[in-house]
Each structure stands twice: as structure tokens, then as C-alpha cells.
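Residues per chain, in single letters:
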Amino acid sequence: MDMNEYYDVIVIGGGTAGVVAAVQSGRAGAKTLLVEKTGMLGGTTTTGGVNFPGLFHAWGRQVIAGIGWELVTRCVAETGKTLPDFANYQRPHWQLQIRVNRFVYAALCDEAVVDAGVDIIFHTMLADVKPQAEGHGWQVTLCTKNGPTEQVAVVVIDTTGDANAADLAGFSMHIPDENQPATLSCQASGYDLVDLDIDAINRAFDAEVRAGRLANSALRIQATCMATGQAAGAMAALSASTGVDPEALPIADVHALLREHGAILPGDNPISVEPSHT
Ligand SMILES: Cc1cc2nc3c(=O)[nH]c(=O)nc-3n(C[C@H](O)[C@H](O)[C@H](O)COP(=O)(O)OP(=O)(O)OC[C@H]3O[C@@H](n4cnc5c(N)ncnc54)[C@H](O)[C@@H]3O)c2cc1C
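Here the structure is a predicted model, which means the values were calculated and not measured.

Draft legend 1. Looking closely at the overall build of the protein. Secondary structure summary: the protein contains 7 helices and 8 strands in total. Here the C-alpha radius of gyration of the protein, 20 Å, is about what a compact globule of 278 residues would show, namely 19 Å. The C-alpha extent of the protein, read off along each of the three principal axes, is 65 × 45 × 35 Å. Going through the 278 residues of the protein one by one, you find that 33% of them count as buried. If you take every contact in the protein between residues at least 6 apart in sequence, the share linking residues at least 24 apart comes to 71%.

Encoded structure:
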């Protein structure tokens, strides 16, 4: 990586989402740089010790696939393990998560990123990101082991987990007064699903979330982080190649690119929930 090198896409943070974003961007033909502050890819899935990604399935049917699924299932195969039986979905959700060997997973991330033609820089933190003075794109200042360096990108993807890049770029942040509460796992029984007023339960849940007594954080699990990372990588690559802002891209083009790279899109695999009478 040279000073003032030009990239189509710079991905800040080589974690759960960032690796997938960078691989997707590289596979779509964008000149891509992946910046990671530690010496290992995978983020929370590897260095964070949460090496049991979930949930790619809902009610026994696969709803998330693509590059994250490819990495996770390759890791399972490489280590001679087996996947959980997803058809047996009435077990606790953690039994449907996929245990991966962190070191093999990180090595597979390295391989996928390099094979996608992506440059990686480890032990490097984002120092600043600002719009270019002329033209569109972003000036990215990185703090490497050898000192600061300047790079230019058409699109920057923030997969730091903490919105570091968005914050430094001056976007408004929503910082809650309290940290997210711990997850509470509980089991309810003694009722018949058909007798429940689901709308009333949802209204009560929403009221508790609004009152700050419950947090709805189910969207931030590893499979969804990987899927949104892949979507970000696809949009960034398309934006860089067409000159159209990411939010103005025709959604059909984004879907087509994602499908080409193995993703499942809304409507591809519809779920129907049948009330249980047992
Ligand atoms: C204790 C715990 C238990 C969990 N349990 C589950 C579970 O059972 N199942 C499940 O699916 N999910 C679980 N999750 C949630 C899931 O792990 C995370 O939501 C997900 O991994 C976050 O992915 P991410 O890519 O946003 O962030 P991360 O995977 O954390 O990646 C962020 C990356 O960015 C790098 N980075 C950060 N700042 C900078 C910077 N300024 N410059 C350069 N690099 C930077 C970091 O080093 C890291 O590699 C759990 C999370 C935790 C913490």
C-alpha cells in the first residue's frame, strides 16, 4: 500500500461484517482495501471469542447465505465437524448456532480476502475520514505501525462495530444514555399458541422497548452482520463502478449482484409460521 493510493472501496474494520464486505467488494471487481486494528481477521467471531455464529435459519429454513455462510461452512468442513440439524428447530437457539475454530476461521478469512484481490493492512487504526476537497470520494487517514498515511476512496464502509468512521466523518450519532441490557433467556409454557393475541403481545413488547425496559437487539447477530456486510460491499462496488451514490442505486441491480454471489434476498425463501396445536 502506497501513500495516497486510490481505492474504489476502503473497509474499516476486518471483523464479522467487514471481512464479508471486503470479499464481496473485491469479488465484484472493486479495488478494495481492508483496514484492521488487530493482527487477525474475524473480529468478535475470532478475537472476541464469540465463535458460534448464528442464525442462518429460521423455522428450519435457510434465510441467510452468501459469503458469510460460505466461510462458516468451509470452516466446519476443514475441521471435520458437522453442522447442527437445522430442521430440528424447536431447540434453544444457541443449539442451532455453528461452532467454528477461531484460528481456522481467521485463516479462511485471510484466504478469501486475498483471493478476492483485496489489500489488507493490519495493526492500523482509522485516524480521520473527510470528504475530498475536490470531486467526490473520501480522504482517509490511517495510523499504521510506520506512522500516518493518506488514502483516497470512492466509498468507505464502516464495519468497526462502533461507527468510528461515521463519527469521524461528522455524521450525527445516536449514543444511548445506557448500555444495552444483558440478554435474558427465558422459556414460556402452559399456553396454546392459537389462543394468544399476538398483536396485543407485540404492542406490549413495543411499549416496553419504548419505556426502556426491554431492548430489541435481535438484528445484531453474526449471520445478519455478515449479510449486511455483504450488502454494503455490493452497494459500494456498484457505486464505485457506476458513479451513482449508494442510496440512489437501483435496488434491482443490488439484488442481482447479491444473488450472483450466493445471497438469499427477501422473498426468495418465504417463511410461513403455522400455529402449533401440540
Ligand atoms: C459476549 C457476546 C456474545 C454474543 N453472542 C452471540 C451469539 O451467540 N450469536 C450471534 O450470532 N451473535 C452473538 N453476538 C453478537 C455478534 O457477535 C456481533 O453482533 C457481531 O459479531 C458484530 O459484528 P461486527 O462486524 O459489527 O463487529 P466485530 O466483529 O466486532 O468487528 C469489528 C472489527 O473492527 C475492528 N475495528 C474497530 N475499530 C476500528 C478502527 N477504528 N480501525 C480499524 N479497525 C477497527 C475490530 O478490531 C474488529 O475486527 C455476541 C456478542 C457478544 C459481545
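Draft legend 2. Here's a closer look at the nonpolar core. Judged by nonpolar contacts, the single largest core of 61 residues is most densely connected at V9, I10 and V113. Per-element tally for this core: the top contributor is helix α6 (residues 222-242), with 12 residues. Excluding residues within four positions of it along the chain, I10 makes contact with L33, V35, V140, Q151, A153 and V156.

Draft legend 3. Focus on the site of the ligand. Close to the ligand lie 31 residues, the nearest being G13, G15, G43, G161 and I221. Within the residue set of the shell around the ligand, elements represented by two or more residues are α1 (16-27), β6 (125-131) and α6. At 3 residues, the largest contribution of residues to the shell around the ligand is made by α1.

Draft legend 4. Examining helix α5 (residues 198-210) more closely. Along its 13 residues, α5 runs 18 Å from first to last C-alpha, staying within 8% of the 18 Å computed at 1.5 Å per residue. Of all the 13 residues making up α5, 0 are buried; the element is thus mostly uncovered. Note on α5: the residue one or two positions beyond its end, G212, has a positive phi of about 85°.

Draft legend 5. Expanded view of the sheet that holds strand β8 (residues 147-158). Spatially, the 6 strands line up as an open sheet ordered β5-β2-β1-β8-β7-β6, and their pairing is mixed. Looking at which strands have only one partner, the edges of the open sheet turn out to be β5 (119-121) and β6. With strand direction ignored, the average angle separating the axes of adjacent strands in the sheet is 40°. Bridging between strand β7 (residues 138-144) and β8 involves 7 bridges; their strand directions are antiparallel. When the bridges of β8 are listed, T144 appears paired with G147. Helix-sheet contacts for α6 involve β1 (5-12) and β8, and the interaxial angle to β8 is about 95°.

Draft legend 6. Region of interest: α1. With 12 residues, α1 should reach 16 Å at 1.5 Å per residue; the first-to-last C-alpha distance of 17 Å fits that figure. Of all 12 residues in α1, 12 are buried, a share of seventy percent or more. Those residues of α1 that are buried are in contact with β1, β2 (32-35), α2 (67-78), α3 (102-115), β8 and α6. Trailing α1 by a residue or two, G29 shows a phi angle of about 100°, which is positive.

Draft legend 7. Up close: the packing of α1 against α6. Contact geometry of α1 with α6 gives a least axis separation of 7 Å together with a crossing angle of 35°. The two elements α1 and α6 meet at a crossing, and its hand is right-handed. The residues of α6 that touch α1, namely those facing T16, A17, G18, V20, A21, A22, Q24 and S25, are Q222, C225, M226, T228, G229, Q230, A232, G233, A234, A236 and A237. Here the residues of the contact of α1 with α6 sort into 10 nonpolar, 9 polar and no charged.

Draft legend 8. Region of interest: the packing of α2 against α3. Closest axis-to-axis distance for the α2/α3 pair is 10 Å, and the angle between their directions is 125°. With respect to α3, the element α2 is oriented oblique. By crossing handedness, the relation of α2 to α3 is classed as right-handed. Contacts between α2 and α3 pair L71, R74, C75 and E78 from the former with V104, Y105, L108, C109 and A112 from the latter. Each residue belonging to the contact of α2 with α3 can be placed in one class, and the counts come to 7 nonpolar, no polar and 2 charged.

Draft legend 9. Structural context of the environment of L142. Counting through the fold element by element, L142 comes out in strand β7. Sequence separation of L142 and T124 is 18 residues, and the distance between their C-alpha atoms is 6.5 Å.

Draft legend 10. Seen up close, the environment of A58. Along the chain, the position of A58 falls in strand β3 (residues 57-58). C-alpha of A58 to C-alpha of D195: the two residues are 137 residues apart in sequence and 23 Å apart in space.

Calculation criteria
- Residues numbered from 1 in each chain as written.
- Predicted model: local features only at pLDDT ≥ 70, side-chain atom pairs only at ≥ 80, totals over all residues.
- Helix = DSSP H or I, 4+ residues; strand = E, 2+ residues; numbered from the N terminus.
- Rg over C-alpha atoms; globule rule 2.2 N^0.38 Å.
- Buried ≥ 20, exposed ≤ 12 C-beta atoms within 10 Å, placed from the backbone.
- Contact = placed C-beta atoms within 7 Å.
- Core = buried A, V, L, I, M, F, W, Y, C linked by C-beta atoms within 7 Å.
- Near = placed C-beta within 6 Å.
- Expected span 1.5 Å × (residues − 1).
- Pairing = 2+ DSSP bridges.
- Axes fitted to C-alpha atoms, helices over the stretch in contact; angles between N-to-C directions.
- Left-handed = near helix turned anticlockwise from the far one by under 90°.
- Nonpolar A, V, L, I, M, F, W, Y, C, P; charged D, E, K, R; others polar.
- Parallel < 35°, antiparallel > 145°, perpendicular 65-115°, else oblique.

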